[in-house]
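Coordinate analysis (summary)
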Amino acid sequence: MSQIKCIGILTSGGDAPGMNAAIRAVTRAAIYNGFEVKGIYRGYKGLITGEIAPFKTQNVSNIIQQGGTILKTARCQEFKTAEGRKIAYDTLVKENIDALVVIGGDGTLTGARIFATEYNYPIVGLPGTIDNDLYGTDTTIGYDTALNTIMEAVDKIRDTATSHERLFFIEVMGRDAGFLALNGAIATGAEAAIIPEISTEVDQLEELIKNGFRKSKNSSIVLVAESPITGGAMHLAERVQKEYPQYDVRVTILGHIQRGGSPTAHDRILASRMGAAAIDALLEDQRNVMIGIRNNEIEYVPFNKAIKNDKPIDRELLNTLRKLSI
Ligand code: ADP
C-alpha cells in the first residue's frame, strides 16, 4: 500500500442530509485503520485558506442524526483555476495530508478528477447530493431524505388542494434530473411529474391538459423539476392559466426545505457504508473513484464514469405513474 498516513476530508457544493453521517464514517473508519484525519472546512475553499483541523473520534460524536454538514460547504471559483489548485496542493503538502475523501455532487467530483490528475494525488469521492444525478450508484447521500421531505410537504398541500378543488404545480429540486419529481409523484399519488429527461420528447403539459387533468378528481397535483428545460412550475402554471382560465391554478416552490432535516435511516446507512468503503478503497490503493452502491454491493466508479454518464430515468417508473394516475 502507498504511504498514506493522514487523510483529509471535505464536503463541497450543495449540502445534503447525511453528509454528517458520511463525515463520521470516514473519520471513524480511518482512525480504526490507523490513519490520522484532518477536517477541511468550506469545501475546496478550505484548501486555499488553510481552514483545517485535526479530527478525532469525538469530533464526529452526536452528528449522525444532524442535517447539513459540520465541515460547512462553499462554492469555490478559485479551485477552478490552475493557480487556485496549486495553492490547494501546497496546503495539502504543508498539512501532511496524503489523500482526500471529498463528499459532494457532480461539480465536486469534477474538481476532484481534475486535481487528482494534475497532481497525481489520491482522492476518493462520495456521492452527496439530493438530486441523485450521479451514475454508478442507485441512490446518492441525501436523496432519500429529500424525497421524504417532498412527500410530507405534498401530502399537506393535497389537503388544501382537495378542499378548494385546485390544480397545484409543485416545484422540486433536480437541476438536470427528474428523480425527485418522478418518485415524489409516485409516492404522493400525484397526477404527473414534469421532468427534464423527457421534456424534449413530449410536451408533458399538453398531454396533461388533453387528458383534462382527470376530470373525475376534485384536485390535481403536478410535480415539476426545477430546470431550465421544464421551465419550472411558475412558467407552466402561467401557461395553463392563460390558455385554460377554468382551472384554479396555484404554485408552490418547495425550495431549500428539501436540503435540510435529519437524514432518514436509508441515508444514514448509505453514508455510513460509503464512508467506511472510502477508507477500504484507499487501503486497496484505489484512487480517483467514487464509491457507489448498486444492487446493495459497494462499487468503485471511476470519476469519469460517475460524472459523464447521464444516469437514465427508469421508464418503468414513468409508466407506473401514468397507469396509476388515471
Ligand atoms: P456540486 O458538487 O453540488 O455539483 P458545484 O457544481 O457548485 O456543486 O461544485 C462544487 C465545487 O466544486 C465548486 O465550487 C468548485 O470549487 C469545484 N468545481 C466544480 N467544477 C469544477 C471544475 N470544472 N474544475 C475545478 N473545480 C470545480
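Residues numbered from 1 in each chain as written. Predicted model: local features only at pLDDT ≥ 70, side-chain atom pairs only at ≥ 80, totals over all residues. Heavy atoms only, no water.

1. Quick look at the sheet that holds strand S6 (residues 167-172)
Strands sit in the order S7-S8-S6-S9 across an open sheet of four strands; the sheet is parallel. The sheet is open, and its two borders are formed by strand S7 (192-194) and strand S9 (249-253), each paired with just one other strand. Direction aside, neighbouring strands of the sheet carry axes that sit 25° apart on average. Where S7 and strand S8 (residues 220-225) come together, three bridges link them in parallel fashion. Its bridge partner being in S8, alanine 192 is matched across the sheet by valine 222. (Pairing = 2+ DSSP bridges. Helix = DSSP H or I, 4+ residues; strand = E, 2+ residues; numbered from the N terminus. Axes fitted to C-alpha atoms, helices over the stretch in contact; angles between N-to-C directions.)

2. A closer look at the domain arrangement of the chain
Looking at the chain, the domain boundaries give domain 1 (6-142 + 263-308) and domain 2 (143-259). Each of domain 1 and domain 2 has a C-alpha centre, and these two points are 33 Å apart. With 18 residues of domain 1 at the interface, the matching set in domain 2 holds 13 residues. Of the roughly 1200 Å² buried between domain 1 and domain 2 on both sides combined, carbon and sulfur atoms contribute 53%. On the domain 1 side of the interface with domain 2, the three residues burying the most area are Ile130, Asp131 and Asn132, jointly 43% of the side's total. Scanning the region where domain 1 abuts domain 2 turns up one salt bridge. Partitioned by chemical class, the residues of the side of domain 1 that touches domain 2 number five nonpolar, eight polar and five charged. (Domains from an automatic or database assignment. Contact = heavy atoms within 4.5 Å. Buried area = accessible area lost by both parts, 1.4 Å probe. Salt bridge = Lys/Arg side-chain N within 4 Å of Asp/Glu carboxyl O. Nonpolar A, V, L, I, M, F, W, Y, C, P; charged D, E, K, R; others polar.)

3. Focus on the packing of helix H3 (residues 82-94) against helix H4 (residues 106-119)
Relative to each other, H3 and H4 sit at 70°, their axes nearing to 11 Å. By the angle between their directions, the pair H3 and H4 is classed as roughly perpendicular. Crossing handedness for the pair H3 and H4: right-handed. Listed contacts from H4 to Ala82, Arg85, Lys86, Ala88, Tyr89 and Leu92 of H3 are Ile114, Phe115, Glu118 and Tyr119. For the contact of H3 with H4, a count of residues per class yields seven nonpolar, no polar and three charged. (Parallel < 35°, antiparallel > 145°, perpendicular 65-115°, else oblique. Left-handed = near helix turned anticlockwise from the far one by under 90°.)

4. Let's talk about the packing of helix H5 (residues 143-164) against helix H6 (residues 179-188)
It is the contact of H5 with H6, at a shortest axis distance of 9 Å, that shows an interaxial angle of 50°. In terms of axis orientation, H5 runs oblique to H6. The interaxial crossing formed by H5 with H6 has right-handed handedness. Across the interface between the two elements, Tyr143, Ala146, Leu147, Ile150, Met151, Val154, Asp155 and Arg158 from H5 touch Phe179, Leu180, Asn183, Gly184, Ala187 and Thr188 from H6. Classifying every residue of the contact of H5 with H6 by side-chain character gives nine nonpolar, three polar and two charged.

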